[in-house]
Amino acid sequence: MQKGLFITFEGADGCGKTTQLNLLKDYLTAKGYAVILTREPGGKGLGEKIREILLNYDGKVADRCESFLFLADRAQNIETIVKPAIESGKIVLCDRHTDSSVAYQGYGRGLDIEQIKMLNNLATGGKQPDLTLVFDVDIETSMQRVGNEKDRMESSSKEFFNRVRNGYLEMAKQEPERLKIVDSTKSIDEVHKRVIEIILPYLK
Ligand code: TYD
């Protein structure tokens, strides 16, 4: 039985979502809500080890292998971090989740989107976020924000990130109730205000 709230943060690399996640945590904590942060890949423990492989392995990683590693991490994150927190009434803010697999491995790498959705469902046991914020910014700006020190995923081409970005926009069209686009070209403060406007109706 659900008690808490599950909010996921999505967008292409360099979209500013992690900054916004931390600002929202501070805002909600100051209002007296119990909040926990987690992330995919790599919540903690086993997840951190999977993250290390995904971001730093320097050999060839097959697209399907990459997908399964993200999914394995997701299954662990949901079961050991997200579910217990929601059941105890907390607000869970998760940096990336199922939509990243659809955007990156589906739209980005070109794997079958319906299959990825099915595998996501298997990994999460059907648990869906109550709300997903998609931080949208043009690729030039996001690449600038990423800078020169890139991990394995960030070293993908500009075309790849364009497909990822367009994938998110398409997904938001398909599920407008759950996925809300946030214009992330604005200042940190303006984006934070917009995030609060969006989440207010979800707070008890
Ligand atoms: P991270 O350093 O957490 O990047 P960011 O700060 O942009 O979230 O690295 C996560 C990387 O993994 C990022 O490039 C997106 C990618 N990713 C996928 O390709 N598929 C997934 O399912 C997830 C969760 C992440």
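Refer to the structure above for everything that follows.
A short tour of the structure in this document, coming up. From a predicted model like this one, the values you see are computed outputs, not experimental measurements.

The helix and strand tally for the protein chain stands at eight helices and five strands. For the protein chain, the sequential pattern of α-helices and β-strands runs β-α-β-α-α-β-α-α-β-α-α-β-α. Rg of the C-alpha trace for the protein chain: 16 Å, near the compact-globule value of 17 Å for 204 residues, within the 12% margin. Here the protein chain holds 204 residues, and the buried ones make up 48% of them. In the protein chain, the share of contacts with a sequence separation of at least 24, taken over all contacts with a separation of at least 6, comes to 80%. Here the protein chain contributes 30 positive and 31 negative side-chain charges, whose respective centroids are spaced 3 Å apart.

The subject of this paragraph is the environment of Gly42. Structurally, Gly42 can be placed in the loop between strand 2 (35-39) and helix 2 (46-56). For Gly42, a relative accessible area of 0% translates into the label buried.

Attention now goes to the site of the ligand. Within the structure, the ligand sits among 15 residues, and Lys17, Arg74, Arg96, Ser101 and Gln105 are positioned closest to it. In this structure, an oxygen atom belonging to the ligand sits 2.9 Å away from a side-chain N or O atom of Asp13. Within the complex, the protein chains bury 91% of what would otherwise be the 550 Å² of accessible surface of the ligand. Among the elements of the structure, helix 2, helix 3 (63-87) and helix 4 (98-108) are those that each provide at least two residues to the shell around the ligand. In the shell around the ligand, the residues fall into five nonpolar, three polar and seven charged.

Inspection of the secondary structure puts Glu154 in the loop between helix 6 (139-146) and helix 7 (158-174). The buried charged residue Glu154 lacks any salt bridge, with Arg96 as its nearest oppositely charged partner at 7.3 Å. Leave out the neighbours within four places in its chain, and Glu154 touches Asp13, Val146, Glu149 and Phe161.

Quick look at the pattern of salt bridges now. Going through the model one piece at a time under the given rule, you end up with 15 salt bridges. For the salt bridge of Glu66 with Arg109, the shortest nitrogen-to-oxygen distance reads 3.0 Å. Highlighted residues: Glu66 in helix 3 and Arg109 in the loop between helix 4 and helix 5 (113-124), separated in sequence by 43 residues. Taking the relative accessible area as the measure of exposure, Glu66 reaches 1% and is therefore buried. A salt bridge links Asp136 to Arg165; the shortest N-O distance between them is 2.8 Å. Taken together, the residues span a long stretch of sequence, with Asp136 in strand 4 (residues 131-136) and Arg165 in helix 7 at a distance of 29 residues. Given the relative accessible area of 14%, Asp136 is considered buried.

Along helix 6, the residues classified as buried are Ile139, Ser142, Met143 and Val146. One face of helix 6 carries all of its buried residues, which in axial projection span an arc of 100°. For helix 6, the elements touching its buried residues are helix 7. Where helix 6 ends, the next residue or the one after it, Gly147, has phi of about 80°, a positive value.

Definitions and cut-offs
- Residues numbered from 1 in each chain as written.
- Predicted model: local features only at pLDDT ≥ 70, side-chain atom pairs only at ≥ 80, totals over all residues.
- Heavy atoms only, no water.
- Helix = DSSP H or I, 4+ residues; strand = E, 2+ residues; numbered from the N terminus.
- Rg over C-alpha atoms; globule rule 2.2 N^0.38 Å.
- Buried < 20%, exposed > 50% of the residue type's maximum accessible area, 1.4 Å probe, protein only.
- Contact = heavy atoms within 4.5 Å.
- Lys, Arg positive; Asp, Glu negative; His and termini not counted.
- Charge placed at Lys NZ, Arg CZ, Asp CG, Glu CD.
- Near = heavy atom within 4 Å.
- Polar contact = N/O pair within 3.5 Å; in protein donor to acceptor, adjacent residues only side chain to side chain.
- Areas by Shrake-Rupley, 256 points an atom, 1.4 Å probe, with all protein chains shown as cover.
- Nonpolar A, V, L, I, M, F, W, Y, C, P; charged D, E, K, R; others polar.
- Salt bridge = Lys/Arg side-chain N within 4 Å of Asp/Glu carboxyl O.
- Arc of directions from axis to C-beta.

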